[in-house]
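# Fold and geometry: a report
Residues per chain, in single letters:
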Amino acid sequence: QRKNECTYFCATCSFGPHSLCQHCLGNHAGHHLVQIRRYVYCDVIRAMDINPFVDTSGVQNYIINQAKVMFLNHRPHSKFGRPSGDSRGNSPSSNYSTISSTGDICRTCRRHMREGYSF
């Protein structure tokens, strides 16, 4: 981590959540802090950090470094995946309809999700 990146947010301060660098953390001792982390060029947040503020019951968690995290932005589709149709020439809509009958799909990007998750 670079020393002057503002990757922390204070959720306790009365003037609303705002970003902090690691040098400002001492001024917020005892406050509820949330940290945005990087994982393979994607921004993630620990589920236990954000759950007190946001209902994440429909958001799929991933285990990274033994912690449950959520991606903050859309995850890019794999270049080798089949988002634009499969190798048999099926269209994306027919590919997705097959997926939806066997599991859940993301409401935003239509990526295959574990059962019970919407995002």
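Residues numbered from 1 in each chain as written. Predicted model: local features only at pLDDT ≥ 70, side-chain atom pairs only at ≥ 80, totals over all residues. Heavy atoms only, no water.

## Re the confidence of the model for the chain
Of all residues in the chain, 70% attain a pLDDT of 70 or more, and the chain-wide mean is 75. Counting interchain partners and residues more than four positions distant, the pLDDT-below-50 stretch residues 82–101 has 18 contacts. (pLDDT = per-residue confidence, 0-100. Contact = heavy atoms within 4.5 Å.)

## Here we look at the packing of aromatic side chains
Applying the stated criterion across every chain yields a total of one aromatic pair. Ring geometry for Tyr62 versus Phe71: centroids 5.1 Å apart, planes at 85 degrees, classification edge-to-face. Residue classification places Phe71 among the buried positions, given a relative accessible area of 18%. (Phe/Tyr/Trp six-rings, centres within 6.5 Å; stacked < 30°, edge-to-face > 60°. Buried < 20%, exposed > 50% of the residue type's maximum accessible area, 1.4 Å probe, protein only.)

## Considerations on the environment of Ala47
Here Ala47 lies in helix H1 (residues 47–50). A sequence separation of twelve residues divides Ala47 from Val59, and the C-alpha atoms of the two residues are 9.7 Å apart. Setting aside residues up to four positions removed in sequence, Ala47 forms contacts with Asn61, Lys68, Val69 and Met70. (Helix = DSSP H or I, 4+ residues; strand = E, 2+ residues; numbered from the N terminus.)

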